[in-house]
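# Structural description and commentary
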Amino acid sequence: MAAALKIDRFNLLPDEDCDARIVAAKKILGKRLAVLGHHYQRDEVFKHADFSGDSLKLSQMAANSDAEHIVFCGVHFMAEVADILTFGERNVILPDLAAGCSMADMANLVKVRKCWNELSEVLDPDQKVTPVTYINSAADLKAFCGSHGGIVCTSSNARGVLEWSFSRREKVLFFPDQHLGRNTGHRMGIPLEEMVLWDFTKPMGGLKPDEIRKAKIILWKGFCSVHQMFHPNHIVKFRRDVPDGKVISHPENDFEVCENSDYVGSTEYILRTVRASPAGTHWLVGTELNLVNRLRDEMKPKGVTVQFMSPMVCMCSTMFRTDPQHLAWTLDNLVTGQVVNRIQVPQEIADPARAALDLMLEVVD
Ligand code: 13P
Ligand code: SF4
């Protein structure tokens with residue numbers, strides 16, 4: 001078999017040349033290949049996706065795909081989920097291995113185990129606390145949830161997952177995104193003072209035993225750096241300028257942004273809602289720039305205006321790592337029978353992680 005082609009040969013190829021190679025490789029690979037693209041991918045990559053979606057939709061697509069090769073234009077945790085849900089039987093490929101998620105990196109197994117041990121000084125976590133991990137997390141954290149009666153959630157099913165969790169145990173430990181946990185809890189009617197913040201840099205999360213005993217949700221102190229760029233004053237200004245405008249935000253935004261928005265939901269929800277709006281509607285959208293720019297261009301001819309929430313340019317820099325050069329490199333290798341950048345989750349992690357993912361897919365279907 002030929003040796004794998006090296007990325008160096010592709011790094012300096014112009015985008016147009018990469019496009020031609022990608023199109024040709026897709027034609028040769030046919031149904032043996034599925035290219036999945038998250039909504040935050042840049043246009044140059046997104047246009048090559050066979051399927052696009054939010055994290056939930058993409059995991060379902062991966063689980064139901066019978067393609068031999070799944071090339072995931074997204075970030076590392078998404079490719080891990082695809083590998084877990086396909087039982088390691090497909091070649092799941094992440095074109096650039098450096099495409100991680102800074103929020104997912106804010107929690108790790110050592111810190112979560114330490115938290116669980118510290119909680120056990122105050123209560124019996126295996127009886128009283130459901131661990132819930134946002135899908136934006138490493139596979140071993142999903143496995144931790146699977147092994148401790150817990151579950152995974154995405155931005156589109158967090159409420160259903162929390163309802164399921166509270167029907168089993170009285171408290172939830174929610175990681176790594178404090179905002180998704182708080183925004184969802186608040187919409188379910190849980191008072192803010194019953195949602196405490198676990199600062200993983202401090203002993204006992206910086207909390208007193210009594211605060212832990214009274215809490216309904218213990219929120220990990222993680223956040224998305226992209227969504228940190230949106231502020232309530234952006235909404236105030238928009239409402240002043242466009243009094244009949246609508247505001248829609250992703251639940252990774254902080255509490256005040258979500259509270260001041262008319263609609264809050266996943267990337268797929270944002271697209272669906274704006275696409276369904278009548279001509280003459282004006283939107284302010286609080287999520288990643290590539291999605292918003294594409295939506296703006298799509299809706300303009302329909303008479304719907306779409307504006308990005310922040311005056312700053314803010315993209316997900318890790319999503320941005322997947323470029324046409326890496327995609328062309330990956331696909332050219334597949335054509336020559338070489339699988340590069342395969343994501344494989346070890347079975348001892350994949351099995352309990354799958355248990356937590358399967359529960360999520362069952363609970364909120
Ligand atoms: P969605 O599941 O709403 O697409 O969000 C995924 C995500 O966090 C990417 O940041
Ligand atoms: Fe992670 Fe935020 Fe990028 Fe989503 S937008 S992948 S949460 S860093």
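Just above, that's the structure.
These figures come from a predicted structure and were not determined experimentally. (Residues numbered from 1 in each chain as written. Chains lettered and ligands numbered in written order. Predicted model: local features only at pLDDT ≥ 70, side-chain atom pairs only at ≥ 80, totals over all residues. Heavy atoms only, no water.)

Pairing in this open sheet of four strands is parallel, and the strands run β2-β1-β3-β4 from one edge to the other. If you trace the sheet from one side to the other, it starts and ends with β2 (51-53) and β4 (91-93), each paired once. Strand after strand, the sheet turns through a mean of 20° between neighbouring axes, direction not considered. When strand β1 (residues 33-38) meets β2, the two strands line up parallel, connected through three bridges. Pairing of G37 across the sheet is with S52, part of β2. Along the sheet, helix α4 (residues 55-64) makes contact with β1, β2 and β3 (69-73), crossing β2 at roughly 145°. (Pairing = 2+ DSSP bridges. Helix = DSSP H or I, 4+ residues; strand = E, 2+ residues; numbered from the N terminus. Axes fitted to C-alpha atoms, helices over the stretch in contact; angles between N-to-C directions. Contact = heavy atoms within 4.5 Å.)

Turning next to the sheet that holds strand β9 (residues 217-220). The strand order across the open sheet formed by five strands is β6-β5-β7-β9-β8, and the pairing between neighbours is parallel. Pairing within the sheet leaves two strands with one partner each, and these edge strands are β6 (151-153) and β8 (195-198). Each strand axis lies, on average, 25° off the axis of its neighbour in the sheet, ignoring direction. Pairing of strand β5 (residues 129-134) with β6, which is carried by three bridges, proceeds in the parallel orientation. In the sheet register, V132 faces β6, and the bridge partner there is I151. Sitting on the sheet, helix α8 (residues 139-147) is in contact with β5, β6 and β7 (171-175), with an inclination near 155° to β5.

Turning next to the packing of aromatic side chains. Remark: the centre distance and the inter-plane angle together describe each pair of aromatic rings, the angle taken between the planes. Under the definition given, this model contains five aromatic pairs. Relative to F144, the ring of W116 lies with its centre 5.4 Å away and its plane at 90°, an arrangement referred to as edge-to-face. With a gap of 28 residues between them, W116 in helix α6 (residues 109-119) and F144 in helix α8 connect regions that are remote in the sequence. As far as burial versus exposure is concerned, W116 and F144 are alike and both buried. Seen in terms of ring centroids, Y263 and W283 are 5.6 Å apart; in terms of plane orientation they differ by 50°. Their pairing is tilted. A residue pair is termed long-range when its members are at least 10 positions apart, and Y263 in strand β11 (residues 263-264) and W283 in strand β12 (residues 282-286) qualify at 20 residues. A connected cluster of aromatic rings, assembled from ring pairs, spans F175, F200 and W220. (Phe/Tyr/Trp six-rings, centres within 6.5 Å; stacked < 30°, edge-to-face > 60°. Buried < 20%, exposed > 50% of the residue type's maximum accessible area, 1.4 Å probe, protein only.)

Taken together, the residues surrounding ligand 1 are H38, Y40, D54, S55, Y134, N136, S155, H250, E252, S266 and T267. The contact in question runs from an oxygen atom of ligand 1 to an N or O atom on the side chain of H38, over 2.7 Å. Residue Y134 places a side-chain N or O atom 3.4 Å away from an oxygen atom belonging to ligand 1. Of the residues belonging to the shell around ligand 1, the class tally is two nonpolar, seven polar and two charged. (Near = heavy atom within 4 Å. Polar contact = N/O pair within 3.5 Å; in protein donor to acceptor, adjacent residues only side chain to side chain. Nonpolar A, V, L, I, M, F, W, Y, C, P; charged D, E, K, R; others polar.)

With that out of the way, let us pick up empty space enclosed by the protein. Empty space among the atoms becomes visible once a probe the size of a water molecule is rolled across them. Applying the stated criterion to the full structure yields two cavities of 30 Å³ or more. Empty space within the largest cavity amounts to approximately 40 Å³. Forming the walls of the largest cavity are S55, L58, S59, F72, F77, M78, V81 and I135. Tallied by class, residues from the lining of the largest cavity come to six nonpolar, two polar and no charged. Of the volumes computed, that of the second largest cavity is approximately 30 Å³. Lining the second largest cavity, in full, are K111, K114, C115, W198, F200 and W220. With three residues, the single largest contributor to the lining of the second largest cavity is α6. Residue classes in the lining of the second largest cavity are distributed as four nonpolar, no polar and two charged. (1 Å grid on protein atoms, 1.4 Å probe; cavity = no way out; pocket = protein on both sides within 12 Å on 5 of 7 lines; lining within 4 Å. Points joined across faces, edges and corners; volume = space filled by probe spheres on them.)

Right, let's get into the pairing of β12. Counting buried residues in β12 gives four out of five residues, a clear majority hidden from the surface. Taken together, the four bridges between strand β10 (residues 246-249) and β12 define a ladder with parallel strand orientation. Among the inter-strand pairings, I248 is bridged to a residue of β12, identified as V285. Summarising the sheet, β12 and strand β13 (residues 305-308) pair through four bridges and their orientation is parallel. Bridge pairing in β13 places W283 opposite V306. On the question of chirality, the crossover connecting β12 to the parallel β13 by way of helix α15 (residues 289-299) is right-handed. (Right-handed = clockwise from strand over helix to strand, strands pointing away.)

The subject of this paragraph is the site of ligand 2. Within the structure, ligand 2 sits among Y40, C101, S102, M103, N136, C224, V226, E252 and C316. Assessed atom by atom at 2 Å from the grid points, ligand 2 resides in the largest pocket. Residues that form the shell around ligand 2 fall into these classes: six nonpolar, two polar and one charged. (Sits in = over half its atoms within 2 Å of the grid points.)

Looking at the largest pocket, its volume works out to about 320 Å³. Lining the largest pocket we find 29 residues, and of these Y40, N136, C224, E252 and C316 sit closest to its centre. Taken together, the elements giving at least two residues each to the lining of the largest pocket come down to α4 and α5 (76-85). Looking at side-chain class alone, the lining of the largest pocket contains 13 nonpolar, 13 polar and three charged residues. Around the second largest pocket, the lining is made up of 14 residues, and of these S155, R159, T184, R187 and V264 lie nearest the centre. At the level of elements, α9 (158-166) and α10 (178-187) are the ones that each hand at least two residues to the lining of the second largest pocket. When residues of the lining of the second largest pocket are assigned to their parent elements, the largest contribution, four residues, is made by α10.

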